[in-house]
Amino acid sequence: MNIWEMLAVFAAGISAGAINTIVGSGTLITFPVLLAVGLPPVTATVSNGLGLIPGSVSGAIGYRRELRGQGRRVLKFVVGALIGGLTGATLLMSLPSTAFETIVPVLVALALVLVILQPRISKAVQRRREHSGTPARSDGGPLLFVGLMLASVYGGYFTAAQGIIYLSLMGMLLDDTMQRLNAVKNVLAAVVNSVAALFFLFVADFDWTAVVLIAVGSALGGQIGARIGRRLSPTVLRALIVVVGTVAIVQLLLR
């Protein structure tokens, strides 16, 4: 890479770190840039996953205030994220690169619909619980655990928009604020990126220059994203998720 290509990758890392912390889908910025500077698709995917680990950790640290009181359910979700992330990374190494391309836009579109309908769905679920006298579970029950684990399989394979899927599932099945759910999303993304990247270290080729540039950039972007994200109202945050997710779908369809 020449100096201009390195600057482009670094700038993409900052942008991806910020967007991942606020919403998710930062990979849709870094991945095309890595392809543009000449990296093969699988090498770009692996290098991107390794580089985004500091950004995910930085975003989770930036949201540490919103994580207070959520330790038990976060630990439970992390177990599913570990299993799912490792499974997804294994699939990336064993399946053809086109295997998930057709289903990814559908998953993202479904997640966006759930994000838009989340307030109504949450109210309907709450009314049903009140009618039946069943107390709400603080961890969302087995359905949420399985859903997050499957989303982590996708995240370990291709990280784009995994945060949107996490937020849609948790928003539908947990009675909590969007900011607190976003904090949990950042932890899960950090776990999936880390376990997938550690797996890739032993079985895949990667570009250390790209990894370092994205790592430093995404760590800076994570802190920027945390400062901006926690100031957004639930309505604005939900609207931003929809906008970013729509752009993600368009980009995925045009690839």
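Scroll up for the structure.
Throughout what follows, the structure given in this document is the object of discussion. (Residues numbered from 1 in each chain as written. Predicted model: local features only at pLDDT ≥ 70, side-chain atom pairs only at ≥ 80, totals over all residues. Heavy atoms only, no water.)

1. Describing the packing of aromatic side chains
No. 1: In total, this model carries one aromatic pair according to the counting rule given.
No. 2: The interplanar angle of 90 degrees and the centroid separation of 4.9 Å between the aromatic rings of F206 and W208 together place this pair among those described as edge-to-face. (Phe/Tyr/Trp six-rings, centres within 6.5 Å; stacked < 30°, edge-to-face > 60°.)

2. Section: the side chain of N182
No. 1: Mapping N182 onto the fold places it in helix α10 (residues 178-203).
No. 2: Separated by 3.2 Å, the side chain of N182 and the backbone oxygen of I22 make a polar contact.
No. 3: If we skip the residues at most four places from it in the chain, N182 touches T21, I22, Y63 and L167. (Helix = DSSP H or I, 4+ residues; strand = E, 2+ residues; numbered from the N terminus. Polar contact = N/O pair within 3.5 Å; in protein donor to acceptor, adjacent residues only side chain to side chain. Contact = heavy atoms within 4.5 Å.)

3. Observations concerning the pattern of salt bridges
No. 1: Using the criterion set out here, one finds three salt bridges in the structure.
No. 2: A salt bridge links D176 to R73, with the nearest nitrogen and oxygen atoms 2.4 Å apart. Of this pair, D176 sits in the loop between α9 (162-173) and α10 while R73 sits in helix α6 (residues 71-94), and the two are 103 residues apart along the sequence.
No. 3: For D176, a relative accessible area of 22% gives the class partly exposed.
No. 4: Taking the relative accessible area as the measure of exposure, R73 reaches 11% and is therefore buried.
No. 5: Between R180 and D176 there is a salt bridge, with the nearest N and O atoms lying 2.9 Å from each other.
No. 6: When its relative accessible area of 23% is taken as the criterion, R180 is described as partly exposed.
No. 7: Connected through salt bridges with shared partners, the residues R73, D176 and R180 form a single ionic network. (Salt bridge = Lys/Arg side-chain N within 4 Å of Asp/Glu carboxyl O. Buried < 20%, exposed > 50% of the residue type's maximum accessible area, 1.4 Å probe, protein only.)

4. What about the packing of α6 against helix α8 (residues 141-157)?
No. 1: For the pair α6 and α8, the least separation of the axes is 6 Å and the interaxial angle reads 35 degrees. For the pair α6 and α8, the crossing hand works out as right-handed. The residues of α8 that touch α6, namely those facing K76, F77, G80, A81, I83, G84, G85, T87, G88, A89, L91 and L92, are G141, L144, F145, L148, M149, S152, V153, G156 and Y157.
No. 2: Split into classes, the residues belonging to the contact of α6 with α8 amount to 12 nonpolar, eight polar and one charged. (Axes fitted to C-alpha atoms, helices over the stretch in contact; angles between N-to-C directions. Left-handed = near helix turned anticlockwise from the far one by under 90°. Nonpolar A, V, L, I, M, F, W, Y, C, P; charged D, E, K, R; others polar.)

Don't take any of this as a statement about function, it's just geometry.
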